[in-house]
Amino acid sequence: FNRYVWTLGGDCLKDFSEYNKNSNETIKRSGIKIFNKQLQGLESQDIIIDGINEKGIILNHLNDMNIDVEDRGLNVSLNSVLKYGSYVEVPYLNKVFLAISDIDDHYFYKNCRIRWCNQTINRVNWDSPVYCYATNSSYGDKGVIQSDTLNEIDGKILFYMQDNKKTSEINLDERYIFDNDKRQVYKVVKTETVTNGGTGHVRKIVMAKSEANYEKDDFDNNIAYNGIVKD
């Protein structure tokens, strides 16, 4: 009954589904226009997503009851390059975040959860360190409280980072140094993308405590000695 009305002649019905379709498109266009205006307003911030300058709205409501990680929401335009596994630089916070969720399309904008990268890792043939998030959360034993410190009793740490050409080079048994600290040397015991959406998204790496090589490790630059590494 809602889709049809009698014509004046009373001898046929007219379908108004096309009107509803056009109405939805009008609402969508208006919503996109309103959001794009928000991106020009005070709540918008200049951000850099995978090296590309963009505008975005950073939401802080995800941290109300969480003291162990810094998660935020991010809203960007529909034509943004944002994807699961993107690095998001936020200059006004002087921080880099990792997109740790699938990208939701809310018709008017894209939205995802981003997490502050609390560490970097470095390698002998890299031109710059790679940002990552380090935690011991629930590794080995379920229910372990989250912690961002690397000095853990069991000596195992999980690292989450973007899966890209650099991070795909990381091999098992390679050693890494953190915080320029001789006591914080680790070696890779697992590297995978299987549980994180496959290649091109987020790479998960597990590292275990290792011994320092005082003669060959470069603690000033957080570059551990791993023998000859092809460039």
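About the thresholds
- Residues numbered from 1 in each chain as written.
- Predicted model: local features only at pLDDT ≥ 70, side-chain atom pairs only at ≥ 80, totals over all residues.
- Heavy atoms only, no water.
- Helix = DSSP H or I, 4+ residues; strand = E, 2+ residues; numbered from the N terminus.
- Buried < 20%, exposed > 50% of the residue type's maximum accessible area, 1.4 Å probe, protein only.
- Contact = heavy atoms within 4.5 Å.
- Areas by Shrake-Rupley, 256 points an atom, 1.4 Å probe, with all protein chains shown as cover.
- 1 Å grid on protein atoms, 1.4 Å probe; cavity = no way out; pocket = protein on both sides within 12 Å on 5 of 7 lines; lining within 4 Å.
- Points joined across faces, edges and corners; volume = space filled by probe spheres on them.
- pLDDT = per-residue confidence, 0-100.
- Pairing = 2+ DSSP bridges.
- Salt bridge = Lys/Arg side-chain N within 4 Å of Asp/Glu carboxyl O.
- Disulfide = S-S within 2.5 Å.

**Student:** I tried to follow the overall build of the protein on my own but got confused; where do I start?
**Tutor:** Counting its secondary structure elements, the protein contains one helix and 15 strands. Looking at the protein as a whole, 39% of its 231 residues qualify as buried. The contacts of the protein with a sequence gap of at least 6 include a subset with a gap of at least 24, amounting to 51%. Here the protein has roughly 13900 Å² of accessible surface; of this, 50% comes from carbon and sulfur atoms.

**Student:** I keep staring at the layout of surface pockets and nothing clicks. Help me out?
**Tutor:** Where empty space is left in the structure can be found by rolling a water-sized probe over the atoms. What the largest pocket holds in volume is close to 180 Å³. Lining the largest pocket are Ile48, Asp50, Gly51, Tyr87, Glu89, Val96, Ser128, Pro129, Val130, Tyr131, Asn164 and Lys166. Those elements giving two or more residues to the lining of the largest pocket turn out to be β6 (87–90) and β11 (130–135).

**Student:** Before we go on, may I ask you to explain the confidence of the model for the protein in this structure?
**Tutor:** One rule of thumb: low pLDDT means the predicted coordinates there are not for detailed reading. With 78% of its residues at a pLDDT of 70 or more, the protein shows a mean pLDDT of 83. Across residues 149–153 the pLDDT falls below 50, and counting only partners more than four positions away or on other chains, this stretch makes 16 contacts in the model.

**Student:** Quick question: what am I supposed to make of unusual backbone geometry here?
**Tutor:** In terms of backbone geometry, most residues other than glycine have negative phi values and most peptide bonds are trans. One non-glycine residue, Asn94, lies in the positive phi region at around 55°. Its place among the elements puts Asn94 in the loop between β6 and β7 (95–99). A relative accessible area of 72% places Asn94 in the exposed class. Of note in the backbone geometry, Asn222 takes a positive phi value of approximately 55° without being a glycine. Within the secondary structure, Asn222 sits in the segment after β15 (202–209). A relative accessible area of 13% places Asn222 in the buried class.

**Student:** Looking at this structure, I do not really get the pairing of strand β3 (residues 45–49). What am I missing?
**Tutor:** Moving residue by residue along a regular strand, the side chains alternate between the two faces of the sheet. As defined by bridge partners, β3 adjoins strand β4 (residues 52–59) across five bridges and the pair is classed as antiparallel. The residue bridging Ile49 from the neighbouring strand is Ile52, located in β4. Here β3 folds back onto β4, and the loop between the two strands holds two residues, one of which, Asp50, carries a positive phi near 50°. Here two bridges tie β3 to β6, and the two strands are oriented antiparallel to one another. In the sheet register, Ile48 faces β6, and the bridge partner there is Glu89.

**Student:** Hey, could you run me through the pattern of salt bridges in this one?
**Tutor:** Proximity of charged atoms lets side chains of opposite charge pair with each other. Under the defined criterion, the tally for this structure stands at 13 salt bridges. Arg113 serves as the salt-bridge partner of Asp71, at 3.0 Å between the closest nitrogen and oxygen. Placement of Asp71 in strand β5 (residues 71–76) and of Arg113 in strand β9 (residues 110–116) is noted, with a sequence separation of 42 residues between them. Close ionic contact of Arg115 with Asp71 constitutes a salt bridge, the shortest N to O distance being 2.6 Å. Placement of Arg115 in strand β9 and of Asp71 in strand β5 is noted, with a sequence separation of 44 residues between them. Across the pair, exposure class does not vary: Arg115 and Asp71 are buried alike. Via salt bridges that share partners, Glu70, Arg72 and Lys95 belong to a single interconnected network.

**Student:** Where do I start with the state of the cysteines in this structure?
**Tutor:** Each disulfide consists of a covalent bond between the sulfur atoms of two cysteine residues. Within this structure, the stated rule accounts for zero disulfides. The thiol sulfur of Cys117 is not disulfide-bonded, and the nearest other cysteine sulfur, from Cys132, lies at 6.8 Å.

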